[in-house]
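What follows is the residue order along each chain.
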Amino acid sequence: MTDPLLEAKIPPGPIAGKWDEHKFAVKLVNPANRRKFKIVVVGSGLAGASAAATLGELGYEVTMITFHDSPRRAHSIAAQGGINAAKNYRNDGDSIYRLFYDTVKGGDYRSREANVYRLAQLSVNIIDQCVAQGVPFAREYGGLLDNRSFGGAQVSRTFYARGQTGQQLLLGAYQALMRQVHLGNVRLYPRTEMLDLVVHEGRAVGVVTRDLITGDVTSHAGHAVVLATGGYGNVFYLSTNAKNSNVTAIWRAHRRGALMANPCYTQIHPTCIPASDDFQSKLTLMSESLRNDGRIWVPQRPGDERPADQIPENDRDYFLERRYPAFGNLVPRDVASRAAKREVDAEHGVGPLRNGVYLDFSEPISRLGRDVIEERYGNLFQMYERITGEDPYVVPMRIYPAVHYTMGGLWVDYNLMSTIPGLYVLGEANFSDHGANRLGASALMQGLADGYYVLPATISDYLAPLLGTDPCPTDHQVFADAEAEVGERVRALLSAKGTHSVDHFHRELGKILWEDCGMERSEASLEKALAEIPALREEFHKNVRVLGDGESLNQSLEKAGRVADFLEFGELMCRDALHREESCGGHFRVEHQTEDGEALRDDEHFAYVAAWEYTGDDANPRLHREPLEFEAAHLAQRSYK
Amino acid sequence: MHVTLEVWRQPGPDTAGRFVTYPVDDVSPDMSFLELFDVLNEQLIKAGDEPIAFDHDCREGICGSCSMMINGRAHGPERGTATCQLHMRKFSDGAHITVEPWRAAAFPVIKDLCVDRAAFDRIIEAGGYITAPTGGARDANEILVPKSAADAAMDAAACIGCGACVAACPNGAAQLFTSAKIQHLNLLPQGQPERWERVINMVDEMERWFGSCTNHGECEAACPKDISLDFIALMNRDYVKAQFKQRRLAGQRR
């Protein structure tokens, strides 16, 4: 039975026609009336920038809030490998249906079918749009677009701009956004951080922000609020996320009533540079595209200390090719990550700390030549060499899995609206399209589909009936109260005057989560984490040391607010992982695996979205379930063999 | 390793700054330059001193946030490398390292090593885009882009907008940044309709904020993405041509 809070509003009819049907069914706002509506967009990554630009083009009055000094620095910029689209330019049997099917299957049947189908449909438009904006995608000699392959697919459907696809797509969206800023349709507030959502009479009416330079706490009101604030991977402290990425915006919205869906679905990316020491501040991803040509192996003999070039072919174990002959090195991320962990745990690891596996290019270099490899991956090789001091053209790369992306996020319906009317959530911040595991090159696709196409088409349905009403004024009591709360939180952090830095607590939290709620989880480990996190949180509020004041740029204070929210969020993540008594995608419960160690789903009991409701600081969150039905893609055990 | 840092501390935009000396022990050669600052900041916090403010985010050399003058060189001694990708193995044990914020009139200091680079956004606003509202695009493969043009555009588009070019320039000029942004679009077929207007608007906006180029070439040497000086030549060519093109178009309109 459907939970009344979780009305997904999936349009009726055959899957291929749902989106068109829906676009016809939604209420519209006519062009002359759009300027009467004010929309607050928080976050300037692919989803936020594309949404703000497009809403501006449509004629809405948009406020753009970003904590970066320029919208162009949002973390989407770091995406390397590419963006998927069902163009079938390679004539290799691709189609919208196949992209849809690959994504549902890759997500281990824990995503909402209708959303995924729409995503696959829109993928085609995204490429057209980006090319029109001047995104310099890789080309063939004849001038046509080039493609490469990515994990979890047997077709080449990934478009790319060297190893900087995210950068180029974000610059396209940023440039479109700046055009709207120039035209006066979007007002830009850089170095401004959202610290609370304001809800009045059950609707989202604005946000409270802090100016990071002056410390001023102010409010921004709108008819609707759009959160495109990214994922929460930094809850683990070490991840491939940018240092400032955080959960605060969506966590504050959650505390104001938005349900948080599937927080335990986190993606561990298989190809990152292994950690080297305690001072390590973040982990660096090497694009999955490397698995197109690179071959992953470990020495067959545990503890083999010979350098890679002295280990003969016979003594190497190409474990992905061995275990998954059909997909080989291109199995999905969760499968590749767990396989690498298994090898390292069995003492086949390589490198000084024996915490990696090899990603070897010697075979493709001798087959294709160094030039070809350099053209495909040059900047990635360069990056690897800078960090490790080793030349990957000569010595195989060492890689190990690291936290990279979070599939969970605020629950949204088909319109991308959360459980709070007027609050929309886009991109990685929502839970919608990737199920329990995201396929490579699909995050860029989802961010842009949400921002360029889905939100601009659905938001009018909410706005149209509000025609003639003004946004709730920012001098209203509800804003004053929220501002006072934010001010109080800031003051409390500054006045704790304890003995340990913010990073100290963040690192401790990260250790707990990586060990107990990371690549593998068990009932015992999660119970342990659930006991440790509240204690750490209490210690944090008593004993954190934040120096400086709240009236100027204070990066420790910014971090402290974010870590305080991570300390609350981390607990919910473990709770969700504990309740989900199955393994699916990135969520691997050791109690639930097949005989050969693959994830074992329980479709009978867990084919649902788990959406958690905040019920107070001292109360347990309440679980709501949105059942997942599969009509077009049939539930099946995933196999990449 | 042991190093001695000489760091510019400035509490706010309108207050005087000064160099403060910080010795740091137990530096690992595998540490990144920003991780060295993390370690130093932890020490400062422990001692009750306010940590050093510096901009950083992705730490992968792509977001363009980090911005340190290291021993007088933007992003430090390693060519083609942003501060976050610079590792301590590039310094010798016992090194004395001076660290300052970007030095340029158009980038005022906010605090310590953080500067305000909003002027770059103003240049983009002035014309650094292709007018292509969402929805009207035709099939991507209908626009043929010669591989050489796509590659050259990508070389320009690789700019991360960090501002090292401005910081390195004795005149505080932004020609390398602006030309990279212009030529990324002007080299592509999609960029042609707005080509002449774009170069004039962006160059004019640039000149409102930044100094003049006198062909020192320091910018190219400092650029963490190795953006070529050639783009400045291409921009200048387009700028001159645009003066004539614009006149004719203006004549047609009136």
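A. Local environment of the pattern of salt bridges. Within the structure shown, the criterion is met by 71 salt bridges over all chains. For A:R255, the salt bridge is made with A:E568, and the minimal N-O distance between the two is 2.8 Å. Of the two residues, A:R255 is situated in helix α7 (residues 248-255) and A:E568 in helix α16 (residues 555-579); the sequence distance between them amounts to 313 residues. Judged by relative accessible area, which is 23%, A:R255 ranks as partly exposed. With a shortest N-O distance of 2.7 Å, B:K111 and B:E50 are connected by a salt bridge. Of this pair, B:K111 sits in strand β6 (residues 109-111) while B:E50 is found in the loop between α1 (33-47) and β3 (69-70), placing the two residues 61 residues apart along the sequence. Looking at B:K111, the relative accessible area reads 7%, which means it is buried. Judged by relative accessible area, which is 32%, B:E50 ranks as partly exposed.

B. Spotlight on the nonpolar core. Ranked by internal contacts, the top residues of the largest apolar core, which has 246 residues, are A:I83, A:F137, A:L227, A:L423, A:I459 and B:F210. Setting aside residues up to four positions removed in sequence, A:I459 forms contacts with A:I39, A:L55, A:Y60, A:A224, A:V226 and A:Y424. Of all hydrophobic cores here, the second largest spans 29 residues; its members include B:V20, B:I52, B:F54 and B:I97.

C. Broad picture of the interface of chain A and chain B. Each partner contributes to the interface: chain A provides 76 residues, whereas chain B provides 78 residues. Interface area, chain A with chain B, both sides summed: about 6300 Å², of which 51% is carbon and sulfur. Among the residues chain A hides against chain B, the three largest losses belong to A:R73, A:F279 and A:R386. Together they make up 12% of the total. The tally of links between chain A and chain B comes to six salt bridges.

D. The sheet that holds strand β8 (residues 217-221) of chain A, seen in detail. All names here are of chain A. Spatially, β6-β7-β8 is the arrangement adopted by the three strands of the open sheet, whose pairing is antiparallel. Among the strands making up the open sheet, the edge pair consists of β6 (192-200) and β8. Ignoring strand direction, the axes of neighbouring strands in this sheet form an average angle of 30°. Both strand β7 (residues 203-211) and β8 contribute to a ladder of five bridges, which runs antiparallel. Residue pairing across strands places G206 opposite A221, the latter belonging to β8.

E. Here's a closer look at the state of the cysteines. Residue and element names in this part refer to chain B. Considering all chains together, one arrives at zero disulfides over all chains under this definition. There is no disulfide at C159, and the cysteine sulfur nearest it, in C165, is 6.5 Å away. When its relative accessible area of 8% is taken as the criterion, C159 is described as buried. C169 carries a free sulfur, and the closest cysteine sulfur to it, the one in C213, is 6.7 Å from it. For C169, a relative accessible area of 15% corresponds to the buried category.

F. Structural detail: unusual backbone geometry. Residues and elements named next belong to chain A. Backbone geometry at K9 places phi at a positive 55°, although glycine is not the residue there. Looking at the secondary structure, you find K9 in the segment before α1 (18-25). Looking at K9, the relative accessible area reads 38%, which means it is partly exposed. Located in the positive-phi region is R162, a residue other than glycine, with phi close to 45°. If you trace the backbone, R162 turns up in the loop between β4 (158-159) and α6 (165-183).

G. Geometry of the pairing of strand β5 (residues 96-100) of chain B. All names here are of chain B. Pairing of strand β1 (residues 3-9) with β5 involves four bridges; the strand directions are parallel. Across the sheet, L5 pairs through a bridge with I97, a residue of β5. The pairing of β3 with β5 spans two bridges and is antiparallel. Its bridge partner being in β5, I70 is matched across the sheet by V99.

H. Expanded view of the domain arrangement of chain A. All names here are of chain A. For chain A, the domain assignment lists domain 1 (35-268 + 405-466), domain 2 (270-402) and domain 3 (477-603). Distance from the C-alpha centre of domain 1 to the C-alpha centre of domain 2: 31 Å. Across the contact, 24 residues belong to domain 1 and 27 residues belong to domain 2. Counting the surface lost from both domain 1 and domain 2, the interface buries some 2100 Å², and carbon and sulfur atoms represent 52% of this. Broken down residue by residue, the surface that domain 1 buries against domain 2 is led by Q80, T240 and I268, which jointly contribute 27%. The interface formed by domain 1 and domain 2 contains zero salt bridges. Inspection of the domain 1/domain 2 interface yields 13 residue pairs in polar contact (both at pLDDT 80 or more). Counted by class, the side of domain 1 that touches domain 2 contains seven nonpolar, 14 polar and three charged residues.

I. Fine view of the confidence of the model for chain B. Mean pLDDT for chain B: 96, with 97% of residues reaching 70 or above. This prediction of the complex comes with two scores: 0.96 for pTM and 0.97 for ipTM.

J. Representation of the domain arrangement of chain B. All names here are of chain B. When the domains of chain B are assigned, the result is domain 1 (3-111) and domain 2 (117-245). One C-alpha centre belongs to domain 1, the other to domain 2; they are set 29 Å apart. Counting residues at the interface gives 20 residues for domain 1, matched by 20 residues for domain 2. Both sides together, the interface formed by domain 1 and domain 2 hides about 1400 Å², and carbon and sulfur atoms give 59% of it.

K. The arrangement of the environment of A:V546 in detail. Residues and elements named next belong to chain A. Inspection of the secondary structure assignment puts V546 in the loop between α15 (523-543) and α16. Judged by its relative accessible area of 4%, V546 is buried. Separated by 208 residues in sequence, V546 and R338 place their C-alpha atoms 38 Å apart.

What counts and how
Residues numbered from 1 in each chain as written. Chains lettered and ligands numbered in written order. Predicted model: local features only at pLDDT ≥ 70, side-chain atom pairs only at ≥ 80, totals over all residues. Heavy atoms only, no water. Salt bridge = Lys/Arg side-chain N within 4 Å of Asp/Glu carboxyl O. Helix = DSSP H or I, 4+ residues; strand = E, 2+ residues; numbered from the N terminus. Buried < 20%, exposed > 50% of the residue type's maximum accessible area, 1.4 Å probe, protein only. Core = buried A, V, L, I, M, F, W, Y, C linked by side-chain atoms within 4.5 Å. Contact = heavy atoms within 4.5 Å. Buried area = accessible area lost by both parts, 1.4 Å probe. Pairing = 2+ DSSP bridges. Axes fitted to C-alpha atoms, helices over the stretch in contact; angles between N-to-C directions. Disulfide = S-S within 2.5 Å. Domains from an automatic or database assignment. Polar contact = N/O pair within 3.5 Å; in protein donor to acceptor, adjacent residues only side chain to side chain. Nonpolar A, V, L, I, M, F, W, Y, C, P; charged D, E, K, R; others polar. pLDDT = per-residue confidence, 0-100.

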